[in-house]
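Reading the structure
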Amino acid sequence: MKFYKAIDLSKIKVLSFDLDNTLYDCQSVLTKAENWFTTYLCDKYGLGGECVSYDYWAKIKSRILHENMRLEDDVTLLRAVSLVEAFKEKGIPLKGGLDEALSLVHTFIEHRSAGIVHKEVFSLLDKLKVKYPLVAVSNGNLDPSKLNINQYFEYDLRPQLDKLHRKPHSDLFNECAKIMKVKNDEILHIGDDPFTDVYGAVLANCKCVWLYKGYTGISPDEKHLKALPDIEINNILELSDLLL
């Protein structure tokens, strides 16, 4: 555990948590889900060739995002719009259009949410919840109920198209302060990403604990820092010593 700034933890009134790669291993689950989804789409629609590689779908998604950066605030819609475009380019447009694509994406989200939260993390959340109100502040489309962590959070804040911009924009942190009726600097945000979580929290004048390299040690490291966190930890369970 490293302290980079003077911080009075007695003034913290709310804990906000990133979810993916902070409370569980998201990356391996996401990779498995994307590969499963690729096979599912090919089997369901009789696709072959370049379509059998997830890279094909990822490239179209990346292109769609660059053409319409507004979609970064809704990763579910981004993936759906990308599917519509991919099938259109293949000359077999989805009969149900965007609605059909959204249905496909929700099937993907079920698999993308099939992670495992270890019992030690559940125990930590149980104890933290007694002392602090907890709020989820995430850019992703994880379904927390699939991980049985939804009951720990009083609110689950996500970006909303044309309403709340994704981290590192301050919108979600400001919304957290608003609904919890606290000042921004009374929020302690815990997350793995040096840009979206650390830089975002600092921009919003929130306090920040950086989980160095994430839950499994594969998140971006200090080379990607644009601002210093208040505290750095190497294991999410260190929050027990820090806050309890």
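Structural data are supplied above this passage.
Below is a summary of the structure that appears in this document. Counting of residues starts from 1 at the beginning of each chain's written sequence and follows it residue by residue. Whole-chain, interface and lining totals are the exception, using all residues; otherwise, since this is a predicted model, local features are given only for residues with pLDDT of at least 70 and side-chain atom pairs are given and counted only at 80 or more. Side-chain calculation: all heavy atoms of the structure are included, whereas hydrogens and water are not.

**Comments concerning helix H1 (residues 27-45)**
Helix length check: H1, at 19 residues, gives a terminal C-alpha distance of 27 Å against a target of 27 Å (1.5 Å per residue), a fit within 8%. Each residue's exposure class comes from its accessible area (1.4 Å probe, protein chains only) as a fraction of the maximum for that residue type: buried when under 20%, exposed when over 50%, partly exposed otherwise. In this description a helix means any DSSP run of H or I spanning at least four residues, a strand means any run of E spanning at least two, and both kinds are numbered starting from the N terminus. Residues of H1 that are buried: Val29, Leu30, Ala33, Glu34, Phe37, Thr38, Leu41 and Cys42. Residues are treated as being in contact if the distance between any of their heavy atoms lies within 4.5 Å. Lining the buried residues of H1 we find helix H2 (54-67), helix H3 (75-89) and helix H4 (97-112). At the exit of H1 stands Gly46, carrying a positive phi of roughly 65°. Expected span of a helix, by definition, is 1.5 Å for each gap between consecutive residues, and there is one gap fewer than residues.

**Overview of the side chain of Glu238**
Relative to the helices and strands, Glu238 is located in the loop between strand E7 (231-233) and helix H8 (239-243). No salt bridge forms around the buried Glu238; measuring N to O, its nearest opposite-charge neighbour Lys2 is 10 Å away. There is a polar contact of 2.7 Å between the side chain of Glu238 and the backbone nitrogen of Asn234. For this analysis, a polar contact is any N or O atom pair within 3.5 Å, provided that within protein one partner can donate a hydrogen and the other can accept it, and provided that sequence-adjacent residues contribute only side-chain to side-chain pairs. Here Asn235 takes part through its backbone nitrogen, which lies 2.9 Å from a polar atom of the side chain of Glu238. Excluding its chain neighbours within four sequence positions, the residues that come into contact with Glu238 are Met1 and Ile233. Think of it this way: Lys and Arg go in the positive column, Asp and Glu in the negative one, and His and the chain ends go nowhere. When a carboxyl oxygen of Asp or Glu lies within 4 Å of a side-chain nitrogen of Lys or Arg, that pair is called a salt bridge.

**Focus on the environment of Gly48**
Examined against the element boundaries, Gly48 turns out to sit in the loop between H1 and H2. Of the residues examined, Gly48 reaches a relative accessible area of 38% and is grouped as partly exposed. The sequence separation of Gly48 and Glu238 amounts to 190 residues, and the corresponding C-alpha distance is 47 Å.

**As for the pattern of salt bridges**
Applying the stated criterion across every chain, the model contains 12 salt bridges. Salt-bridge contacts for Glu89 lead to Arg63; the nearest nitrogen and oxygen are separated by 2.4 Å. Taken as a pair, Glu89 in helix H3 and Arg63 in helix H2 lie far apart in primary sequence, 26 residues in all. With relative accessibility at 32%, the residue Arg63 sits in the partly exposed group. Put simply, Arg158 and Asp156 hold a salt bridge, and the shortest N to O gap is 2.7 Å. Given the relative accessible area of 38%, Asp156 is considered partly exposed. Counted as one network, the salt bridges with shared partners bring together Arg63, Glu67, Glu85 and Glu89.

Functional significance is not addressed by these values, which are geometric in nature.
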